[in-house]
Amino acid sequence: MTTELAGKVAIVTGASSGIGRGIAERFAAEGASVVIADVRDDLGEAVAAELNSEGGTTKFVKVDVGDQAQVGALVQTAVETFGALHVMVNNAGISSPLRKGLLHEDFDEFDRVMRINLLGVMAGTRDAARHMAEHGGGSIINLGSIGGIQAGGGVSTYRASKAAIIHFTKCAAIDLAHYEIRVNCLAPGNIPTPILASAATDEDRARLERFEAKIRQQMRDDRPLKREGTVGDVAEAALYLATDRSRYVTGTVLPIDGGTVAGKVIVRKPAADESSS
């Protein structure tokens, strides 16, 4: 194992499970001091304890990223605890409820989804940048989704929030480049995580499971690379953006999706001479 992040301090929001946990684990393994930030204190404390038992240096901070004051306090805690902040990963997010279609939407979840998914990223970027601007720069990594790149039916509020994150990331990259702060976006696709489960209500849990299985199979069929994506794949991309290997990279959106957004696979029938050979 290398130590590409030795001496660095990172915050990862939404780090108690899924992609956030994978990134936190990867950063800790590379020598970073990591602040595990999440609204779920039981899971977050457990992740921090596990990483510390394995030789990592981590601290759990309970935070609701939709509350700007809490995001500011999170950055302050990281700096006070570890003395610096070099990498900010704005990963925390939720899905919007699964509906039968746009005509059945009431958008009652709009404020909550946008507050957590979009405002949380915007506030996290701003508050981390305020520190980084006075301390030589840094790397900010925002988690989008291929749902913010490709249009599709269902969870429309979630898709809109992720599309907004992508555009905000590019704007922030331009705004902060003068301070040597790089801002990039990862856009995972078809990575099995618990987030889709939050789209279900109690009465449609079984329907959601059927829907998820159908969608994931469709994505497998459309994906050029047939290997399944993992949380580890996203963590590796985050590591690249966190290190000096990407020192000339900012304002980018990196899909981690096996080629899905590049285009659908074209199934070609064998030519006559091929089928007869």
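The structure this text deals with has already been given above.
Residues numbered from 1 in each chain as written. Predicted model: local features only at pLDDT ≥ 70, side-chain atom pairs only at ≥ 80, totals over all residues. Heavy atoms only, no water.

1. Quick notes on the overall build of the protein
Now for step 1: Along its length, the protein carries eight helices and seven strands.
Now for step 2: A buried classification covers 47% of the 277 residues belonging to the protein.
Now for step 3: Of the contacts formed within the protein by residues at least 6 apart in sequence, a portion of 73% connects residues at least 24 apart.
Now for step 4: Carbon and sulfur atoms form 54% of the exposed surface of the protein, whose accessible area is close to 13,700 Å². (Helix = DSSP H or I, 4+ residues; strand = E, 2+ residues; numbered from the N terminus. Buried < 20%, exposed > 50% of the residue type's maximum accessible area, 1.4 Å probe, protein only. Contact = heavy atoms within 4.5 Å. Areas by Shrake-Rupley, 256 points an atom, 1.4 Å probe, with all protein chains shown as cover.)

2. A word on the nonpolar core
Now for step 1: Judged by nonpolar contacts, the single largest core of 31 residues is most densely connected at I23, F27, I36, I141 and L186.
Now for step 2: Put simply, the parts of the chain that give this core at least two residues each are β1 (9–13), α1 (18–29), β2 (33–38), α2 (41–53), β4 (87–90), β5 (138–143) and α7 (231–242).
Now for step 3: Among the elements that line this core, the one with the most residues is α7, at seven residues.
Now for step 4: The contact partners of F27, leaving out residues within four places of it in the chain, are L5, A10, V12, A32, V34, V87, V89, A238, L239 and A242.
Now for step 5: Counting residues in each nonpolar core, the second largest holds 26 residues, with A37, V63, V75 and A128 among its members. (Core = buried A, V, L, I, M, F, W, Y, C linked by side-chain atoms within 4.5 Å.)

3. Structural notes on the pattern of salt bridges
Side chains bearing opposite charge may pair, as long as their charged atoms lie close to each other.
Now for step 1: In total, this model carries 12 salt bridges according to the counting rule given.
Now for step 2: The partner of R21 in a salt bridge is E50, with the nearest N and O atoms 2.7 Å apart. Taken as a pair, R21 in helix α1 and E50 in helix α2 lie far apart in primary sequence, 29 residues in all.
Now for step 3: Taken together, the salt bridges that share partners define one network made up of R21, E25 and E50. (Salt bridge = Lys/Arg side-chain N within 4 Å of Asp/Glu carboxyl O.)

4. Let's talk about unusual backbone geometry
Most peptide bonds take the trans form, and the phi angle of most residues other than glycine is negative.
Now for step 1: Phi is positive for F107, close to 55°, though the residue is something other than glycine.
Now for step 2: For F107, the location among the structural elements is in the loop between β4 and α4 (110–132).
Now for step 3: Residue class for F107 comes out partly exposed when judged on its relative accessible area of 39%.
Now for step 4: At N190, a position not held by glycine, the phi torsion is positive, near 60°.
Now for step 5: Residue position: N190 is located in the loop between β6 (181–188) and α6 (205–222).

5. What to know about the sheet that holds strand β7 (residues 253–256)
Now for step 1: Within the open sheet, the seven strands sit side by side as β3-β2-β1-β4-β5-β6-β7. Their pairing is parallel. Both outer strands of the open sheet, β3 (57–62) and β7, are each paired with one neighbouring strand and no more. On average, each strand axis in the sheet is inclined to that of its neighbour by 20°, with strand direction left out of account.
Now for step 2: Strand direction decides the pairing type here: β5 and β6, joined by six bridges, are parallel. Within the sheet, the bridge partner assigned to L143 lies in β6 and is L186. (Pairing = 2+ DSSP bridges. Axes fitted to C-alpha atoms, helices over the stretch in contact; angles between N-to-C directions.)

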